[in-house]
Amino acid sequence: MAAEATPLLRIEDLEIRYRGADREVLAVNDVSLELGAGECMALIGESGCGKSTVAMSVMRYLGENGRIAQGRILFRGQDLGTMTEADLRALRRGGIAMVYQDASSALNPTMKIGRQLAEVLETHEHAEAGSIAPRVLEMLRKVGIPDPEGTMGRYPHQLSGGQQQRIVIAMAFLAEPALLILDEPTTALDVTVEAQIIELLARMREEHGTAMLFISHNLGLVRRVCERVSVMYAGQIVERGATATILGAPQHPYTQGLVSCIPRLDRGRADYRLNSIPGQVPRLSSAPRRCTFMDRCHHAVPGECDTRIDIGPARSSVDVRCARWKDLGKDAGPEAPAREPEMPRHRRDCVLSVENMCKTYELRSPFDLFGKRSRQVRAGESISIALSPGETLGIVGESGCGKSTLARVIMGLEAPSSGRVVVLGDDVTGKQVEQRSREQVRNVQMVFQNPDSTLNPLHTVGFILDRAVKLLGGVRDRDGRRREVERLLDLVRLPAEVMRMRAGRLSGGQKQRVAVARAFAGRPALVVADEPTSALDTSVKTAILELLLSVQKQTGTALVFISHDLAVVRYIADRVCVMYLGHVLETGGVEEVFEPPFHPYTQALLDAVPSVDQDIAAPHRPLEGEATSWTPQSRGCPFSARCESSIEGLCDIQSPPNLETGENHLICCHLPVSALGQGAFA
Amino acid sequence: MNTILIRRLASSLVTMIAASFIIFMLVEASPGNVARKTLGPFASEEQVLLLYERLHLNDPVLVRYGRWLGVLVGLQADPLQDPDLGLGFEDPRGDRYFGNFGYSSMMNMPVADIIWERLGNSLKLAALAFATIVPLAILIGTYAGLRANKPADRAVTIVTTMLASIPEFASAVILASVFVVWLGWLPGTSPLQTAGGWPIYLQYILPVTVLALYVTAYVTRFVRTSVMEVMQTPYVRTAVLKGLKPRQVVARHVMRNAMMAPFTIILLQINWLISGVVVTEVVFAYPGIGRMLLEAAMFGDIALIEATSLITVAIAISTQLVGDVGYVLLNPRIRLS
C-alpha cells in the first residue's frame, strides 16, 4: 500500500473514559492503529480490555457515559469527533457498518425481515422505491438465505441463529460500507454454522472489497480471517503485526499467555498442558505509569517494568509494548507443575448407566384447540451410556442434538419417554428430582453454563456454600460447616475472604468456581456440567478446565461434560459421545474419536473448527445446512440429509449399523470402515 | 389468528358462567334469608315464610342457580313478579325477557330500567377519561423515557409520583375548592341534569379531571420505564447505527415494542374507570354504576347487586379478551410461535 495514501481508518492516541458510579474508568488509552482499504485487522484480548469500546468509538456510539478524552479517529481523513449528527448518519449509512455478536437481539423482534433490510436503502436519498425490493432479495440470495422471498415476510424469531446472523450481515453489506466492524460475530453460534458464516464473510469481503475490523477472542478464527492482528490489554495495544507471526511466535508475555491457553484439537491431553493466565484485567482510572500486565507476568522485573512503556518495533513488522521482550527468551518459562500420571481406571462399578433412553417431545401450538398440528420431535433416540468413577464423558454435537435433554433426564428434571437411568445401582428412571431420596440428589449434581443466573447475586458466597454443605453434605453443626466451606473454597482455589463477598460482585470465572464448589459440596458421585466454560473468556475457560480436572482427581467424581467446543472436550474427556438429532453417531475413547476413522459427522465437526496453526489458504468445506428436527416419521440415518457421503436408497431409508472399530469404539454408519476418515482433517 | 379468537371467546364464556355462579352463591346462598332480604325488615314472619315457600328456596343450590339463570336469559318467568304475591313488582316488558335482572326493591322499579342508564353514564365518564389519559400518558411517558435521567425526565417522575399518590377524594376536594368555591367556573355536583343551571358538558369536567390526573400519572410511569428499556436494547442500537434519524428510530423501532408492556396496564384501567370510581361518583353525585352498587349493597337490594356485579364482571372479561387479542397482534412472537 502506498505510504502517502490516506488510510481508510486511522486512530491516533485514542483515550476513552467512562463515567462510573464513583469515579471515571479509563477504558482505552494510547491506542493508535491504521487500517487500509480492503484490509482485515483483528482486535484480540480478554473481555474488559477495551476491544468493543474501540469498535464502538469508531461508530461514535459510546453511550451516555462514554467520551473520547483524547486523540482522534479519522475515517478517510475526516475527523469523526468533529462530525455533525447528519454527517454521522451519512457515515453510518454508507461508510461504516457493523455486525453484532448476538444477532437475535440485534434485530427488531416486531418488524419483518424485509422491512428491516429495506430500511437501510430507504435512507439513501437516491434509492428509488422500485429498486429496493430487488436489491434486498439479491442480497439475501448472496448471503445464502434459502428462501429469500419467504424470508422477507418473516419475523426474526422465525429464523435460526445462523440465519439471523446472515440477515445482519446482509443488512451491513446493503449499505455498501468501506469498513465493516465485526464484534464477536460467531460467538453465539455452533462450530459448523460458524464455519459457514466465516466462509460467507470471506466471500463478501472479496466481492465488495470491504475492510474489516474483527473483534474476537477465538484465535483460530482470527488466524483464518485476518492478515493483521492487534492484541489489546487493559485498554492498550500491547502487540501488533502480521497474524501468522504474532500467533506463531508471540513476543509479549500476554500474547504468549493467550496463545498457550487455547485447547488444541490436534493433540491429546497427555501431549501438552494448558496454561491459564493468573489474575484479572485491572480497571484503570488514570493513565498507567507502569506495565499494566506486570502483576500477572512472570517475567516482570521491578525497575525495568515499572516505568511508562511505549509500544515500539520489535522484530520485523511487529510492535511490542514490553520492556523486556529481548530478554524473554532467556527466562525460563512458567514452572508448569508436573502432571501426575493418569490413574488407571477401575471399571468395576458403574456410577451412571443410561440404557436405551428415548425422549419425545410433543410439540403443540398453544392456541391449537383440536391438536391438528401437534407433532412429535425426538430429542433422544435409544441413547445408552455408562460411566465409571473418576471418568469423564464428553458429549458433543450442534445445538438441538439432544445434549441438554440427556443432562436433564440424568438430573431428573425431565422423565425419559422410555429406557432406564441407573445411578449407583439405583433405578431412578422417571423419578423427578423431587421424588429422589436425599442420597440420590446428593450424588448427582450439576454445573450450569451461565454462573450469573445460577447464583443469587445478593447472597454471599459463604451463605451459598454453607447451605449446600448443610443440605447436600448433611453437616449440621456450625463449626463443621465452616470447615467444610473452607475446604470447598480451597478445593476450587478461591481465597477464604471470598466467603463474605456477594456473588454478584465476583468475576465470571470466580462465580463459576463457586458454582463448581457448590456442586461438589455433597461429595457427589456424578457431576453433570452443561457447557460450563462456553460463557467464559479463553484464559478463564482454561483455568476452569484445569480446576475441574484437579477436583475430579481429588474426589474421584465421574463427570459428564457437555460442550460444543471440541478442543475443550478433547482436553478434558476420557470418552466421547458424538450426538446428532438425539442419536449417538459415534462413541469411544477420546483418542479414538479424535483420530480416524471418523463418523462423517464427527469429521465435519472437526473440519469446522479453525485452528491457530492453520493457514488462511487451508482447504475448507464447511458442512452445509443446519440440523433440522427428527420426527418419528423420519427414516434412515439422521445425518443422511447433510452427509456428503450419503448413499441414496440406503442411508435415507435404513437405520445404519453400529460398526465396531476398536475396543468400545462404535461408529453408527453405513459406510465401510475403510471409507471413514479421508477428509481434510484426517 | 381465528383459532386464537375462538379459543379466547370460549374461555371468556366459561369464566363468565363461573363468575355468575360465584355471584349467585355470594348473594343468594349466603347466610340470611332471600325472602327476608326481599321483603325488608318490617315484613311479618308469616309473609316471609309464604314467600320462602313460593320461591322454592328449599331446593338445592344448583337447581336455584339454574332457575335464576333461566330468568336472566328470559326462559323462565321471574317468580317475584307473580301478581299473586302481592309485592307489586310490575315490569312493562312482562316477566319473561332476555336480560331480566329482576326487580329492584330499593328503587321500586325493574332493574333493567335503572341499570342501562347508569351503565351508559359510567361509560361516558370512562370514555372521556380514557380519551384524555391514553394520549397524554403515551406522549409524556415517551418524552420522559427518551430522556431517561435527564432533568426533563426527573421533573416528569416527580410530578407523576406526586399525582399518583394523591387519593381521588383529596384531589376532588382540592379541585372543587379552587374551581367551584373560589373561581365559581364549574358546578360542584354532576347529576347530569340541567335543573341546577349548569350545562351538561361542564358537569363532566371535574370528574374527568380527577380520574385523568390519577390514572395518567400511573400509566405515564409505566410507559416511561418501558420506553427507557427499549431504548437500551441492541436492536435500537442497530437502528441508530443504520443511520436512521432519531424520529425514525423512535417511530419505527421503539414505539411498538415499548407499548407491549403498558398495553395490559392501560386496558386494566378501563375496568376501574367504568365500575371502580365509586369515590369520584359519590363526591360529585355522579349517577354512575359504581355508586349505585355501593347504594344497593348498603340497602340490601339483591337484584340490583347481582345485576351490577354481573355487568362489572362482563366488562372485566371483555377488556381481558381485547387485551389478549391486542397483545397477540402487537407481538408477532406469540402470534407465530
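Note that the coordinates shown come from a computational prediction; the quantities given were computed from them, not determined experimentally.

Student: Just to check I follow, could you spell out the interface of chain B and chain A for this structure?
Tutor: How big an interface is tends to be reported as the loss of accessible area on association of its parts. Listed as interface residues are 28 residues of chain B and, on the opposing side, 31 residues of chain A. Roughly 2,900 Å² of surface becomes buried between chain B and chain A when both sides are summed, with 59% attributable to carbon and sulfur atoms. Sorting the residues of chain B by area buried against chain A places Arg7, Leu241 and Lys242 of chain B first, and these three jointly supply 25% of that buried surface. Summed over the shared surface of chain B and chain A, the number is four salt bridges. Between arginine 252 of chain B and glutamate 119 of chain A there is a salt bridge, with the nearest N and O atoms lying 3.1 Å from each other. Counting across the chain B and chain A interface gives 11 residue pairs in polar contact (both at pLDDT 80 or more). Listed by contribution, the elements that provide at least two residues to the side of chain B that touches chain A are α1 (2-28), α9 (234-241), α10 (246-275) and α14 (332-335) of chain B. Residue composition of the side of chain B that touches chain A, grouped by class: 13 nonpolar, six polar and nine charged.

Student: I would appreciate a short explanation of unusual backbone geometry in the present structure.
Tutor: Negative phi characterises most residues that are not glycine, and trans characterises most peptide bonds. All names here are of chain A. Following proline 596, the chain continues to proline 597 via a peptide bond in cis, the omega torsion being 0 degrees. Examined against the element boundaries, proline 597 turns out to sit in the loop between α20 (590-593) and α21 (600-608). Despite not being glycine, aspartate 30 shows a phi value in the positive range, around 55 degrees. Structurally, aspartate 30 is set in strand β2 (residues 24-35). Assessed through its relative accessible area of 21%, aspartate 30 is described here as partly exposed. At glutamate 176, a residue that is not glycine, the phi angle is positive and equals roughly 50 degrees. In this fold, glutamate 176 is placed in the loop between α7 (161-174) and β7 (179-183). Glutamate 176 gets classed as partly exposed once you look at its relative accessible area, which sits at 49%.

Student: Looking at this structure, how should I read the sheet that holds strand β20 (residues 558-562) of chain A?
Tutor: Two strands in a sheet stick together by hydrogen bonds in their backbones, pointing the same way (parallel) or opposite ways (antiparallel). Residues and elements named next belong to chain A. Taken in spatial order, the eight strands line up as β18-β19-β20-β15-β21-β22-β24-β23 in an open sheet, and their pairing is mixed. A single partner strand is all that each edge strand has here, and the edge strands are β18 (444-447) and β23 (658-662). For this sheet the average axis-to-axis angle between neighbouring strands, irrespective of direction, equals 20 degrees. Of the strand pairs in this sheet, β23 and strand β24 (residues 665-668) are connected by four bridges, and their pairing is antiparallel. Each residue of the ladder has a partner; that of glycine 662, found in β24, is histidine 665.

Student: For this particular structure, what's the right way to read the pattern of salt bridges?
Tutor: Opposite charge on two side chains permits them to pair, given that their charged atoms come into close proximity. Residue and element names in this part refer to chain A. Inspection of the entire model under this criterion finds 49 salt bridges over all chains. Of the charged contacts in the structure, one is a salt bridge between arginine 17 and glutamate 15, with a shortest N-O distance of 2.9 Å. Comparing arginine 17 with glutamate 15 shows no difference in burial state: the two are buried. The partner of arginine 115 in a salt bridge is glutamate 122, and the shortest N-O contact between them spans 3.4 Å.

Student: Help me out: how do you make sense of the sheet that holds strand β5 (residues 78-79) of chain A in this one?
Tutor: Residues and elements named next belong to chain A. Pairing within the open sheet is antiparallel, and its four strands lie in the order β2-β1-β4-β5. Looking at the sheet topology across the chains shown, the edges are occupied by β2 and β5. By the bridge criterion, two bridges tie strand β4 (residues 66-75) to β5 in an arrangement that is antiparallel. Paired with phenylalanine 75 across the bridge in β5 is glutamine 78. Running over the sheet, helix α1 (residues 51-58) touches β1 (9-19), β2 and β4 and is turned about 110 degrees from β1.

Student: Can you walk me through the confidence of the model for chain A in this structure?
Tutor: Interpreting fine coordinate detail is not advised for predicted regions of low pLDDT. All names here are of chain A. Looking at chain A as a whole, the pLDDT averages 85, with 91% of positions reaching at least 70. When the elements of chain A are averaged for pLDDT, strand β14 (residues 375-387) gives the smallest value, 77, and strand β8 (residues 211-215) the largest, 95. The low-confidence segment residues 366-371 (pLDDT under 50) makes 13 contacts with residues lying over four places distant or belonging to another chain.

Definitions and cut-offs
Residues numbered from 1 in each chain as written. Chains lettered and ligands numbered in written order. Predicted model: local features only at pLDDT ≥ 70, side-chain atom pairs only at ≥ 80, totals over all residues. Heavy atoms only, no water. Contact = heavy atoms within 4.5 Å. Buried area = accessible area lost by both parts, 1.4 Å probe. Salt bridge = Lys/Arg side-chain N within 4 Å of Asp/Glu carboxyl O. Polar contact = N/O pair within 3.5 Å; in protein donor to acceptor, adjacent residues only side chain to side chain. Helix = DSSP H or I, 4+ residues; strand = E, 2+ residues; numbered from the N terminus. Nonpolar A, V, L, I, M, F, W, Y, C, P; charged D, E, K, R; others polar. Buried < 20%, exposed > 50% of the residue type's maximum accessible area, 1.4 Å probe, protein only. Pairing = 2+ DSSP bridges. Axes fitted to C-alpha atoms, helices over the stretch in contact; angles between N-to-C directions. pLDDT = per-residue confidence, 0-100.

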